[in-house]
Amino acid sequence: MQKISFSASGWETWDVARQPLIREQMPVLIDDDLLFEDAPGSPRPTTVANRYLGDLPINGAPAVRTWENSAGCLSAWLSFLQERGVHPFNDRRELRAGLSMYAEYRLAGPLKVRWDHTTWNLHVGILSAFYDWAKDEGVLSVVPFTYRVGHRMAHGVLEKVRKNMAKLGRPRPHTTIKHLEWDFAELFVRALAGLDPLGEPDLRYRRPREGARNSAMGGFVLSSGLRSKEFTHLTTYEIPPLPARPTTLPVLFPLAYAITKGEKDRTTWVHYEPLATMHQYIDLDRAASAEGFRWRPPSKLGEPLYVEEPDWEGARLNGVRRSWRSLRPAERLCLVTPEGQSPLVGLQSTGAPFVDWATVFRRTSARIRQRYEPRFPTVAPHRLRHSMAMRTLEQLIKGYYARLADLVEDTDPDAALALYLRKHEPMLILRDLLGHWSVTSTELYIARLDITRIYKDLYQSALAPIDRAAAAEAEAEFDGEVNA
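Residues numbered from 1 in each chain as written. Predicted model: local features only at pLDDT ≥ 70, side-chain atom pairs only at ≥ 80, totals over all residues. Heavy atoms only, no water.

## As for the overall build of the protein
Argument step 1. From N to C terminus, the protein includes 17 helices and 12 strands.
Argument step 2. For the protein, the proportion of contacts with a sequence separation of at least 24, taken over those separated by at least 6, is 62%.
Argument step 3. Summed over its atoms, the accessible surface of the protein is roughly 27100 Å², and 52% of this surface lies on carbon and sulfur atoms. (Helix = DSSP H or I, 4+ residues; strand = E, 2+ residues; numbered from the N terminus. Contact = heavy atoms within 4.5 Å. Areas by Shrake-Rupley, 256 points an atom, 1.4 Å probe, with all protein chains shown as cover.)

Take a look at the structure:
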């Protein structure tokens, strides 16, 4: 079975009456014999799978990566059944037997095809959605999975949830910490700048210009929680202007929907100090990298988009006014400023756009482990987003931002943000900053981090001012108990 990425380029030369109604980059599954039907009116399973994939953009999955993951899962499953002569939409008992064999194959089979529990659960989730869709479309009458119905509280309301019994149990989520504690985060930003843990120059690190770029971006992401695609393709025109004077409240930071996950509009924030550091990098080190360099995007990226009359909202691109919000990552790499440079924030020392942040973060992590802190984890770009989420939630729970909001006068330009911080619950604020569709998603996301540590710290800080009499009274509550 083959998987291709659809493109309508040149469709006029095909033997078709009109352009196919298939989204660009939509994955398409094709059997090795290139047939889509066994007989007229008898479509093959790949045809049904392609219908499902084509419906993903209007069923709450607009991201290309989601399409690719779904197509890869369906391709693996259908190929497995095809090799064993099992039809994916026939007898439920036979299909469940095939599913049982598939579990053995993926969880205990040869090493090259074996999956861990997380990958297996991901694929089961995709297959569950596929078979639910197939049932709704009348392709089959009964799905092969068994579900258990349970209940949970969401926003004070008891609601039903169902659990797919084919999914495997996992260890408690908080046992795997996926963010940086703030002392490690500060160590990471210093190391990105080529500094040691005390903030002194590390003489063994010989990339001062790249260090300024890396440190500015690292601190910026730790403050704003941007995803890798978002900060990699960010332009200098979209960086929020630096307030005229230092501000205690964060600065609101609208993001272009074309580079966010699921192309969802969202506004996050960034604190004054990392924003000031970013502006300093743009004005000094980045300007030095861009000086005298003429950027011409490679032909494989497409035609250059020449920028004229740029401002905060957008610019004229090849003579047509466009908003930055509508420009996708590949189009941003084709931008050429009036000075003949790339407007992307991150530049190489040669002036070309820089996009390989994962390598920079990984190498910096290794350098920290080798020289300063052997416990330091390998930092991927998304770990910085996790770190921002945990730091922000901690400050929200402790009332830090609420206290700052109380200091803002009604006439202050930050008054709207101050009112928002005073009126909304911490989890709702974090939901908006992270760009989640539902607060339930934010709650599940946070549950996978080390949320227990936050509340432990809060309880300890709350108990700190208690006097000895109160402590003795609390201890007396345990008198008479026998240890097990």
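Back to the text.
## Digging into the packing of helix H2 (residues 64-83) against helix H4 (residues 117-136)
Argument step 1. Direction vectors running N to C along H2 and H4 enclose 85°, while the axes themselves pass 10 Å from each other. For the element pair H2 / H4, the angle class is roughly perpendicular. Here Asn 69, Ser 70, Cys 73, Leu 74, Trp 77 and Leu 81 of H2 come into contact with H4, specifically with His 123, Ile 126, Leu 127, Phe 130 and Tyr 131.
Argument step 2. For the contact of H2 with H4, the residue count by class is eight nonpolar, three polar and no charged. (Axes fitted to C-alpha atoms, helices over the stretch in contact; angles between N-to-C directions. Parallel < 35°, antiparallel > 145°, perpendicular 65-115°, else oblique. Nonpolar A, V, L, I, M, F, W, Y, C, P; charged D, E, K, R; others polar.)

## Remarks on the pattern of salt bridges
Argument step 1. In this structure the tally under the stated criterion is 17 salt bridges.
Argument step 2. Among the salt bridges present, the one from Lys 3 reaches Glu 68, with a minimum N-O distance of 2.9 Å. Residue Lys 3 is found in strand E1 (residues 2-5), and its partner Glu 68 is found in helix H2; the two are separated by 65 residues along the sequence.
Argument step 3. When its relative accessible area of 27% is taken as the criterion, Glu 68 is described as partly exposed. (Salt bridge = Lys/Arg side-chain N within 4 Å of Asp/Glu carboxyl O. Buried < 20%, exposed > 50% of the residue type's maximum accessible area, 1.4 Å probe, protein only.)

## Details of the sheet that holds strand E11 (residues 320-323)
Argument step 1. Pairing within the open sheet is mixed, and its four strands lie in the order E11-E10-E9-E12. In the strand order of this sheet, the two ends are held by E11 and strand E12 (335-336), each with one partner.
Argument step 2. With two bridges joining them, strand E9 (residues 305-308) and E12 adopt parallel strand pairing. Each bridged residue has a counterpart across the sheet, and for Leu 305 the counterpart in E12 is Leu 335. (Pairing = 2+ DSSP bridges.)

## Here's the deal with helix H10 (residues 357-371)
Argument step 1. Compared with the 21 Å implied by 1.5 Å per residue over 15 residues, the 21 Å span of H10 between its first and last C-alpha is a close match.
Argument step 2. Among the residues making up H10, those that are buried are Trp 357, Thr 359, Val 360, Phe 361, Thr 364, Ser 365, Arg 367 and Ile 368. (Expected span 1.5 Å × (residues − 1).)

## Quick word on the pairing of strand E8 (residues 266-270)
Argument step 1. Most of E8 sits out of view: four of its five residues are buried.
Argument step 2. The pairing of strand E7 (residues 251-255) with E8 spans five bridges and is classified as antiparallel. In the sheet register, Leu 255 faces E8, and the bridge partner there is Arg 266.

## Describing the nonpolar core
Argument step 1. The biggest cluster of nonpolar side chains holds 36 residues, and the ones touching the most others in it are Phe 188, Phe 220 and Met 278.
Argument step 2. Residue assignment for this core shows that the elements contributing at least two residues are helix H5 (182-192), helix H6 (208-224), E7, helix H8 (272-290) and H10.
Argument step 3. Aside from chain neighbours lying at most four places away, what touches Phe 220 is Leu 226, Leu 234, Ile 239, Phe 253, Val 270, Pro 274, Leu 275 and Met 278.
Argument step 4. In this structure, Val 48, Trp 77, Leu 78 and Phe 80 belong to the second largest nonpolar core, which totals 35 residues. (Core = buried A, V, L, I, M, F, W, Y, C linked by side-chain atoms within 4.5 Å.)

## Remarks on the side chain of Ser 223
Argument step 1. Its place among the elements puts Ser 223 in helix H6.
Argument step 2. Here Ser 223 falls in the buried class, since its relative accessible area comes to 7%.
Argument step 3. Here His 271 takes part through its side chain, which lies 2.7 Å from a polar atom of the side chain of Ser 223.
Argument step 4. Once residues within four sequence positions are removed from consideration, Ser 223 is found in contact with Trp 269, Val 270, His 271, Pro 274 and Met 388. (Polar contact = N/O pair within 3.5 Å; in protein donor to acceptor, adjacent residues only side chain to side chain.)

## With respect to H8
Argument step 1. Across its 19 residues, H8 extends 25 Å between first and last C-alpha, which sits within 8% of the 27 Å expected from 1.5 Å per residue.
Argument step 2. At Ile 282, H8 shows its maximal kink, close to 40°.
Argument step 3. Buried within H8 are the following residues: Tyr 272, Pro 274, Leu 275, Met 278, His 279, Tyr 281, Ile 282, Arg 286, Ser 289 and Ala 290.
Argument step 4. Positive phi shows up at Gly 292, right after H8, with a value of about 80°. (Bend = angle between axes of the 7 residues up to and from the residue.)

## A look at unusual backbone geometry
Peptide bonds are trans in most cases, and residues, glycine excluded, mostly fall at negative phi.
Argument step 1. Its identity is not glycine, yet Gln 25 carries a phi of approximately 70°, on the positive side.
Argument step 2. The phi dihedral of Asn 318 falls on the positive side, at around 55°, and the residue is not glycine.
Argument step 3. Here Asn 318 shows up in the loop between strand E10 (314-317) and E11.

## Topic: the packing of aromatic side chains
Argument step 1. Taken as a whole and judged by the stated rule, the model has 25 aromatic pairs.
Argument step 2. Between Tyr 102 and Trp 120, the ring centres sit 6.0 Å apart and the planes meet at 50°, which makes this aromatic pair tilted. In this pair, Tyr 102 is assigned in helix H3 (residues 92-108) and Trp 120 in helix H4, connecting sequence segments 18 residues apart.
Argument step 3. Look at Trp 120 and you get buried, because its relative accessible area is 3%.
Argument step 4. With centroids separated by 5.2 Å and ring planes inclined at 75°, the aromatic side chains of Tyr 400 and Tyr 401 adopt a geometry described as edge-to-face.
Argument step 5. For Tyr 400, a relative accessible area of 31% gives the class partly exposed.
Argument step 6. A network of ring pairs unites the aromatic residues Phe 184, Phe 188, Phe 231, Phe 354, Trp 357, Phe 361 and Phe 376 as a single cluster.
Argument step 7. Sitting over the ring of Tyr 105, Arg 84 keeps its end group 5.7 Å from the ring centre. (Phe/Tyr/Trp six-rings, centres within 6.5 Å; stacked < 30°, edge-to-face > 60°. Lys NZ or Arg CZ within 6 Å of the ring centre and 35° of its normal.)

## Examining the environment of Phe 253
Argument step 1. Positionally, Phe 253 belongs in strand E7.
Argument step 2. The class of Phe 253 is buried, set by a relative accessible area of 0%.
Argument step 3. Along the primary structure Phe 253 and Leu 433 are separated by 180 residues, whereas in three dimensions their C-alpha atoms are 9.6 Å apart.
Argument step 4. Apart from the residues within four sequence positions on either side, Phe 253 is in contact with Phe 220, Ser 224, Leu 226, Leu 234, Glu 238, Pro 240, Arg 266, Thr 267, Thr 268 and Trp 269.

## Observations concerning the packing of H5 against H10
Argument step 1. Close contact between H5 and H10 brings their axes to 10 Å; oriented N to C, the two are set at 105°. In this view, H5 runs roughly perpendicular relative to H10, as classed from their interaxial angle. Contacts from Leu 187, Phe 188, Ala 191 and Leu 192 in H5 reach Val 360, Phe 361, Thr 364, Ser 365, Arg 367 and Ile 368 in H10.
Argument step 2. Residue classes in the contact of H5 with H10 are distributed as seven nonpolar, two polar and one charged.

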